[in-house]
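# Inside the fold
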Amino acid sequence: MDGSDVSSEAGAARWLTIHDDLLRGLAHAFSNRVATVVAIAAHLDPSRVPDERLLAGLRSDVDRLDELLKCLRQLPRRGEGDPEPMLPVDGVTAALALFAHHPAYGAMRCTVVGAEGVPPVRVDPSALQHAVCVALVSACRAGGDVAGVGVALSSHGDVVRIAVSAAAEHGELEAGALAQEVSAVDWLLAGSHGRGFAAPLGCGLELPTLQASRHRP
């Protein structure tokens, strides 16, 4: 087994760990929301006109259940999904919606900068969403629970960069742990010609622009 195989296995294993954490968070949120719907339904009397406040609460919780269901559907990796044109910020937005349910880091504040003017890329949407989640975990581990996380989008020639870093350091992120998260990004984006990189207090990813991808085999 060569070094690239070892790195790929480590990256896949790291993503599965993060995947399971996200799944647990989503399952917990889904369970809580179902319990709320059941509690509201128990107060509905079929012989009486329902209170509009109860109905409004029920509609709100059903909408939230629908949002959670969409997140659950986005969590499985699509395998070798076909890359398609998309704006990088859309992948970041989708990742943040999923990451909000991470049991350890979902409450972290996040600021996104540089979205305007960044060209589109060609990427498997689920791979980009998952890769940004990995980078968010890396930044949260570096920042602990004392600071927010920043996502910076930029373009440099034929490459779009998404760098995710903690706003302030909280302890030291082990180099081996950071390498695993970079390798997870590499593994997720391999089919889209993307790669991960170490960033200050976190990690990030690079993808060829849509224009540049048209010249790739």
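The structure contained in this document is the topic of the report that follows. Since the model is a prediction, treat every value here as computed from it, not as a measurement.

## Digging into the nonpolar core
By size, the foremost hydrophobic cluster in this structure holds 43 residues, and its most contacted members are L22, L128, I162, V164, L189 and L205. Counting residues per element, this core draws most heavily on helix α4 (residues 125-143), at 11 residues. Those residues in contact with L22 that lie beyond four places of it in its chain are W15, L75, L98, F99, H101, H102 and C133.

## Some remarks on the packing of helix α3 (residues 88-99) against α4
Close contact between α3 and α4 brings their axes to 8 Å; oriented N to C, the two are set at 60°. Compared by their axis directions, α3 and α4 come out oblique. Seen along the crossing, α3 lies across α4 with a hand that is right-handed. From α3, P88, G91, V92, A94, A95, L96, L98 and F99 reach across to α4, where they touch L128, Q129, H130, V132, C133, L136, V137 and C140.

## Some points on the environment of R64
Turning to its location among the elements, R64 is positioned in helix α2 (residues 52-74). The sequence separation of R64 and F30 amounts to 34 residues, and the corresponding C-alpha distance is 8.8 Å.

## Brief notes about the pattern of salt bridges
Close approach of charged atoms lets side chains of opposite charge pair. Scanning the model with the defined rule gives 6 salt bridges in all. The partner of R14 in a salt bridge is E181, with the nearest N and O atoms 2.7 Å apart. With R14 in helix α1 (residues 3-42) and E181 in helix α5 (residues 175-189), this residue pair connects regions lying 167 residues apart in the sequence. The pair R14 / E181 is uniform in exposure class, with both members buried. One salt bridge connects E181 with R141, and the closest N-O pair in it is separated by 2.7 Å. In this pair, E181 sits in helix α5 while R141 sits in helix α4, placing the two residues 40 residues apart along the sequence. You can call E181 buried: its relative accessible area is 0%.

## A word on the sheet that holds strand β4 (residues 149-156)
Strands sit in the order β2-β4-β5-β7-β6 across an open sheet of 5 strands; the sheet is mixed. Pairing within the sheet leaves two strands with one partner each, and these edge strands are β2 (110-113) and β6 (195-199). When the angles between neighbouring strand axes are averaged without regard to direction, this sheet yields 20°. Relative to strand β7 (residues 202-208), strand β5 (residues 159-166) runs antiparallel, the two being bridged by 7 bridges. Along β7, the bridge assignment pairs S165 with G202.

## What to know about α2
When the terminal C-alpha atoms of α2 are compared, their 33 Å separation across 23 residues agrees well with the 33 Å that a helix rising 1.5 Å per residue should span. Residues D61, L65, L68 and C71 constitute the buried set of α2.

## Digging into α3
Over its 12 residues, α3 runs 16 Å from end to end, which matches the ideal 16 Å to within 8%, given 1.5 Å per residue. The set of residues buried in α3 consists of P88, G91, V92, A95, L98 and F99. The buried side chains of α3 occupy one side of the element, clustering within an arc of 125° when seen end-on.

## A look at the packing of aromatic side chains
For the structure on display, the rule yields 0 aromatic pairs. Lying over the aromatic face of W187, R77 brings its terminal NZ or CZ to 4.1 Å of the ring centre. If you follow R161 out to its NZ or CZ, it ends over the ring of F197, 4.1 Å from the centre.

## Some points on the pairing of β4
Judged from the 4 bridges that link them, β2 and β4 form a sheet pairing that is parallel. Across the sheet, residue V112 finds its bridge partner in β4, namely V151. As defined by bridge partners, β4 adjoins β5 across 8 bridges and the pair is classed as antiparallel. Bridging from a neighbouring strand, G150 pairs with S165 of β5. Counted along the chain from β4 to the antiparallel partner β5, the turn is 2 residues long, and its residue G157 has a positive phi close to 65°.

The rules we used
- Residues numbered from 1 in each chain as written.
- Predicted model: local features only at pLDDT ≥ 70, side-chain atom pairs only at ≥ 80, totals over all residues.
- Heavy atoms only, no water.
- Core = buried A, V, L, I, M, F, W, Y, C linked by side-chain atoms within 4.5 Å.
- Buried < 20%, exposed > 50% of the residue type's maximum accessible area, 1.4 Å probe, protein only.
- Helix = DSSP H or I, 4+ residues; strand = E, 2+ residues; numbered from the N terminus.
- Contact = heavy atoms within 4.5 Å.
- Axes fitted to C-alpha atoms, helices over the stretch in contact; angles between N-to-C directions.
- Parallel < 35°, antiparallel > 145°, perpendicular 65-115°, else oblique.
- Left-handed = near helix turned anticlockwise from the far one by under 90°.
- Salt bridge = Lys/Arg side-chain N within 4 Å of Asp/Glu carboxyl O.
- Pairing = 2+ DSSP bridges.
- Expected span 1.5 Å × (residues − 1).
- Arc of directions from axis to C-beta.
- Phe/Tyr/Trp six-rings, centres within 6.5 Å; stacked < 30°, edge-to-face > 60°.
- Lys NZ or Arg CZ within 6 Å of the ring centre and 35° of its normal.

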